[in-house]
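As a plain string of letters, each chain reads:
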Amino acid sequence: MTTSRVRTWTVTASGGYETAWTETGEGLLRARGRAVGTRPEPYWVSYDLDTADGFTTRRLRVTVETAERTRSLDLRHDGRGGWTADGEPLPGFQDAVDCDLGLCPLTNTPPVLRHDLHRTPGERRLLTAWVSVPALTVRPSWQTYTHLGPDERGTRVRFTSGSFRTEIIFDRDGFVQDYPDLATRLA
């Protein structure tokens, strides 16, 4: 069974907003999102995310428009450890199964859903293909998600990457409700 929803966040880190149209079902997530930000410079971003079985990234297409230029990225994972950016191989990502679009609360969802961390205890350390916004550069990023337990708004999950650490609140469906200093979902 597929569930379709629209989710909107205030994205404090970019001084803007994001809306995503999502479809989830049987280990798959599809999302189309649009965002506007004012930091580090005014920009618009559009993205399409498709996952394969187990919520692993299959493809992320992103376009960013600023006053000076338009940038696009077509990030693909072949399901066997190979990643490409605009058709060019990305070495050093063979252990990655997730992408993480900068300033985007939606891309925290696939690893949480895959490991059921919004419902059950556990900790997962994983490599992601992290995409900066608005530059759209791709770099490897080790991230750890740790289930901390229920909260009146959902489930608390600690997120760490390098020296960065925060506690994200996920709703019962595994989507970000509150990501301190990044984004808060609107009712």
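This text follows the structure it describes.
How each quantity is defined
- Residues numbered from 1 in each chain as written.
- Predicted model: local features only at pLDDT ≥ 70, side-chain atom pairs only at ≥ 80, totals over all residues.
- Heavy atoms only, no water.
- Helix = DSSP H or I, 4+ residues; strand = E, 2+ residues; numbered from the N terminus.
- Buried < 20%, exposed > 50% of the residue type's maximum accessible area, 1.4 Å probe, protein only.
- Contact = heavy atoms within 4.5 Å.
- Areas by Shrake-Rupley, 256 points an atom, 1.4 Å probe, with all protein chains shown as cover.
- Lys, Arg positive; Asp, Glu negative; His and termini not counted.
- Charge placed at Lys NZ, Arg CZ, Asp CG, Glu CD.
- Polar contact = N/O pair within 3.5 Å; in protein donor to acceptor, adjacent residues only side chain to side chain.
- Phe/Tyr/Trp six-rings, centres within 6.5 Å; stacked < 30°, edge-to-face > 60°.
- Lys NZ or Arg CZ within 6 Å of the ring centre and 35° of its normal.
- Salt bridge = Lys/Arg side-chain N within 4 Å of Asp/Glu carboxyl O.
- Patch = residues over 30% accessible without salt bridge, like charges linked within 9 Å, V, L, I, M, F, W, Y side chains within 5 Å.
- Pairing = 2+ DSSP bridges.
- Right-handed = clockwise from strand over helix to strand, strands pointing away.

## Focus: the overall build of the protein
Across its full length, the protein holds one helix and 15 strands. Here the C-alpha coordinates of the protein stretch approximately 45 × 40 × 35 Å along the principal axes. Residues classed as buried in the protein amount to 50% of the 187 residues present. Contacts spanning at least 24 positions in sequence make up 40% of the contacts within the protein whose residues lie at least 6 apart. Accessible surface computed for the protein: about 9200 Å², of which carbon and sulfur atoms make up 48%. Computed over 24 positive and 25 negative side-chain charges, the separation of the two mean positions in the protein equals 1 Å.

## Concerning the side chain of D178
Mapping D178 onto the fold places it in strand β14 (residues 176-179). Judged by relative accessible area, which is 16%, D178 ranks as buried. A distance of 3.3 Å separates a polar atom in the side chain of D178 from a polar atom in the side chain of R153. Residue contacts for D178: discarding those within four places in its chain leaves R153, E167, I168, I169, A183 and T184.

## Considerations on the packing of aromatic side chains
All chains considered together, the criterion is met by three aromatic pairs. Centroid distance F159 to F164: 6.2 Å. Interplanar angle 65 degrees. Geometry classified as edge-to-face. According to the relative accessible area criterion, F164 is partly exposed, its value standing at 39%. In textbook terms, an aromatic cluster arises when at least three aromatic residues are bridged by ring pairs, as seen for Y145, F159, F164 and Y179. Cation over ring: R32 sits above W21, and NZ or CZ is 5.1 Å from the ring centre. The cationic tip of R125 hangs over the ring face of W142; the distance from NZ or CZ to the ring centre is 4.3 Å.

## With respect to the side chain of D98
With respect to the helices and strands, D98 occurs in strand β9 (residues 98-101). Only 2.4 Å separates the side chain of D98 from the side chain of R114, close enough to count as a polar contact. Residues contacting D98, with those up to four places away along its chain left out, are F55, T57, W83, P110, P111, R114, L126, L127, T128 and A129.

## Digging into the pattern of salt bridges
Taken as a whole and judged by the stated rule, the model has twelve salt bridges. One salt bridge connects D116 with R119, and the closest N-O pair in it is separated by 3.4 Å. On the accessibility criterion, D116 (24% relative accessible area) is partly exposed. Beyond isolated ion pairs, a larger network of salt bridges with shared partners links R30, D50 and R61.

## Some details on a nonpolar patch on the surface
Judged by side-chain polarity, Y17, V36, W44 and L186 come together as a nonpolar surface patch covering roughly 420 Å² of accessible area. Within the secondary structure layout, V36 lies in strand β3 (residues 28-37).

## Thoughts on the pairing of strand β10 (residues 123-131)
Both β9 and β10 contribute to a ladder of four bridges, which runs parallel. Residue pairing in the sheet places D100 in a bridge with W130 of β10. A crossover links β9 with its parallel partner β10, the connecting element being helix α1 (residues 109-114), and its sense is right-handed. In this structure, β10 lies alongside strand β11 (residues 138-151), joined through nine bridges in antiparallel fashion. Residue W130 lies in a different strand from β11, and its bridge partner there is R139.

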